[in-house]
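Now for the letters of each chain:
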Amino acid sequence: MDSRGSELAVGPAREDALPASAATAVKIVVVGGFGVGKTTLVGSVSEIRPLTTEETMTEVSVGVDDVRGVEQKDATTVAMDFGRISINEQLVLYLFGTPGQQRFWFLWTGLFEGALGAVVLVDTRRLEASFDVIGRLENGGVPFIVAVNVFPDAPTHPMAEVRAALDLPAAVPIVACDARSRASSRDTLLALMRYLYRLSTQSAAPVAASAATE
Amino acid sequence: MTPSPINDAPSAWEEGGPERLYVLTGGRGASGRRADIDLITLVVARAAARPEMQPEHASILRMCHWPLSMAEISAYLKLPFSVVAILVSDLLRDSLIEVRASVRMDGIGDPELLKAVMNGLQRL
Ligand SMILES: Nc1nc2c(ncn2[C@@H]2O[C@H](COP(=O)(O)OP(=O)(O)OP(=O)(O)O)[C@@H](O)[C@H]2O)c(=O)[nH]1
Ligand SMILES: [Mg+2]
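The structure displayed is predicted, hence computed values, not measured ones.

**Here we look at the overall build of chain A**
Next, step 1: Each helix and strand counted, chain A has nine helices and seven strands in total.
Next, step 2: Classification of the 214 residues of chain A by burial places 50% in the buried group.
Next, step 3: Restricting the contact set of chain A to residue pairs at least 6 apart, pairs at least 24 apart contribute 75%.
Next, step 4: Counting every atom, chain A has about 9,300 Å² of accessible surface; 53% of that belongs to carbon and sulfur.

**Describing the confidence of the model for chain B**
Predicted coordinates in areas of low pLDDT are best not read in detail.
Residue and element names in this part refer to chain B.
Next, step 1: For chain B, per-residue confidence averages 82 on the pLDDT scale, and residues scoring 70 or more make up 73% of the total.
Next, step 2: Across residues 1-12, confidence stays below pLDDT 50; counting only partners more than four residues off in sequence or on other chains, it has 19 contacts.
Next, step 3: Interface confidence in the predicted complex, given as ipTM, is 0.83; pTM for the same model is 0.85.

**Details of the side chain of Arg100 of chain B**
Next, step 1: Inspection of the secondary structure assignment puts Arg100 of chain B in strand β3 (residues 97-100).
Next, step 2: For Arg100 of chain B, the side chain forms a polar contact with the main-chain oxygen of Ala20 of chain A, separated by 2.9 Å.
Next, step 3: Of note is the side chain of Arg100 of chain B, whose polar atom sits 3.0 Å from the side chain of Glu98 of chain B.
Next, step 4: With sequence-adjacent residues up to four places away left out, Arg100 of chain B is seen in contact with Ala20, Ser21, Ala22 and Ala23 of chain A together with Thr41, Leu42, Val44 and Pro67 of chain B.

**Focus on the sheet that holds strand β3 (residues 77-86) of chain A**
All names here are of chain A.
Next, step 1: One open sheet holds the seven strands; their spatial order is β2-β3-β4-β1-β5-β6-β7, and the pairing between them is mixed. The sheet terminates laterally at β2 (51-56) and β7 (174-177), the two strands that pair on one side only. Strand-to-strand twist of the sheet, defined as the mean angle between neighbouring strand axes without regard to direction, takes the value 30 degrees.
Next, step 2: By the bridge criterion, six bridges tie β2 to β3 in an arrangement that is antiparallel. For Thr56, the partnering residue across the bridge sits in β3 and is Thr77.

Calculation rules
Residues numbered from 1 in each chain as written. Chains lettered and ligands numbered in written order. Predicted model: local features only at pLDDT ≥ 70, side-chain atom pairs only at ≥ 80, totals over all residues. Heavy atoms only, no water. Helix = DSSP H or I, 4+ residues; strand = E, 2+ residues; numbered from the N terminus. Buried < 20%, exposed > 50% of the residue type's maximum accessible area, 1.4 Å probe, protein only. Contact = heavy atoms within 4.5 Å. Areas by Shrake-Rupley, 256 points an atom, 1.4 Å probe, with all protein chains shown as cover. pLDDT = per-residue confidence, 0-100. Polar contact = N/O pair within 3.5 Å; in protein donor to acceptor, adjacent residues only side chain to side chain. Pairing = 2+ DSSP bridges. Axes fitted to C-alpha atoms, helices over the stretch in contact; angles between N-to-C directions.

Structural data, given as structure tokens:
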């Protein structure tokens, strides 16, 4: 206790505070393999420098009171980078960048629950890293688009070719992006939003169908 | 190469290890935690921090002078989300904070809300 009090005087810089009127938050998840540019994309559009939140597997998985978490010191820890965009005085958008590897999937229930949608960020040199992620989102009824992060040393592929390789349904948009560019990252998010808007105004949306068959 | 986030979270978190987390929450697991709190729930203080409080509770009250998401609180405190959720539940029980629930989408979004997000992004 005692001296920790001052040490714990932490929090956002004044300029990073939200207005008092902020009342509602929504989130978008950026998911993809290691090093594909998730943090870069989040940082490009965020109004705050990306922060990191963390969760441990024992905390998430047990769901009961127990001391096992204390004894189990090798609990898997998953870090997620996130950023923030104030949409207006009331509404705040959070962007979470999360690894797409299978061993992180246990976390996904909490993360994707309630998300507006997801951006699957892919590197054409390692497309196979995205198969599982895409299948998972489809099964979970989470609407998503695919964004191909274009690295200079990667061979260029027509989007149609990437779409075919990923076996994407025709309705799912696929866009090229440069995660380092604010405009390009914003346009990627806008592509997702336009897709979500279309789904919300259609009667028989494919997302509802896939969620129902789960 | 990777842009380093403000808080070097993982190393700091490992500092105290699971024992520290266990002590912070009084050994409570999910039972001490409100189910309606998620990563983007906004927290706002309704009372000032007092010296006799547990330091983590006091920190949360201080940093939530303006609304702040659970994810941000977790990042600044360098504590896992689930631990922060328990701490925030304590404060909520004692009416020391107010929470503003996040909008939850179930597959299909509300067109008005989606439009608002789109308009906001276009201004970036
Ligand atoms: N050329 C190019 N480089 C990029 C682009 N996006 C990211 N990079 C670089 O790729 C590297 C990895 O980017 P990160 O944003 O850290 O990737 P990440 O997906 O967050 O990585 P992990 O969190 O480690 O899985 C960094 O060195 C970036 O500068 C891009 O669009 N083009
Ligand atoms: Mg990253």
